[in-house]
Amino acid sequence: MELKETILENNLQDSFKALYQHKNMDNTMKSKFTSTEHNKTKYEAEVEYTRIDWFLPRIMFMLFKKAHCKHLDQWANDFKEYVETIN
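Overview of the structure. This is a predicted model, so every value here is computed, not measured.

**Here we look at the environment of Met25**
With respect to the helices and strands, the residue Met25 is situated in strand E3 (residues 25-36). Sequence separation between Met25 and Leu3 is 22 residues; the distance between their C-alpha atoms is 9.7 Å.

**Section: the environment of His22**
With respect to the helices and strands, the residue His22 is situated in the loop between strand E2 (15-21) and E3. The spatial distance from the C-alpha of His22 to the C-alpha of Leu3 is 5.1 Å, given a sequence separation of 19 residues. If sequence neighbours within four positions are ignored, His22 has contacts with Met1, Glu2, Leu3 and Arg51. A distance of 3.0 Å separates a polar atom in the side chain of His22 from the backbone nitrogen of Asn24.

**Some details on the pairing of strand E1 (residues 4-11)**
Looking down a regular strand, the side chains alternate between one sheet face and the other. Relative to E2, E1 runs antiparallel, the two sharing 7 bridges. Looking at E2, one finds that Asn11 is bridged to Ser15. Following E1, the chain reverses through 3 residues before pairing antiparallel with E2.

Reading the values: the criteria
- Residues numbered from 1 in each chain as written.
- Predicted model: local features only at pLDDT ≥ 70, side-chain atom pairs only at ≥ 80, totals over all residues.
- Heavy atoms only, no water.
- Helix = DSSP H or I, 4+ residues; strand = E, 2+ residues; numbered from the N terminus.
- Contact = heavy atoms within 4.5 Å.
- Polar contact = N/O pair within 3.5 Å; in protein donor to acceptor, adjacent residues only side chain to side chain.
- Pairing = 2+ DSSP bridges.

Written out as structure tokens, the structure reads:
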């Protein structure tokens, strides 16, 4: 899969926002980082699909939105585990 990433906001250490473009769909993702007690960071991600051109993914997304959200949650958890292991 080939994606084009365009950085829209780069306010690290607080937030990061990017546009991801694929030939069949576009989405934006905003990541927010908040310090918590015990030198930990809370990571929040917000994904918004702005364009889905291909018929099958559009139907799948509409019918199985919860399954897609589970996939995003799993991706966020995997990212969190990875980041926590490099410290």
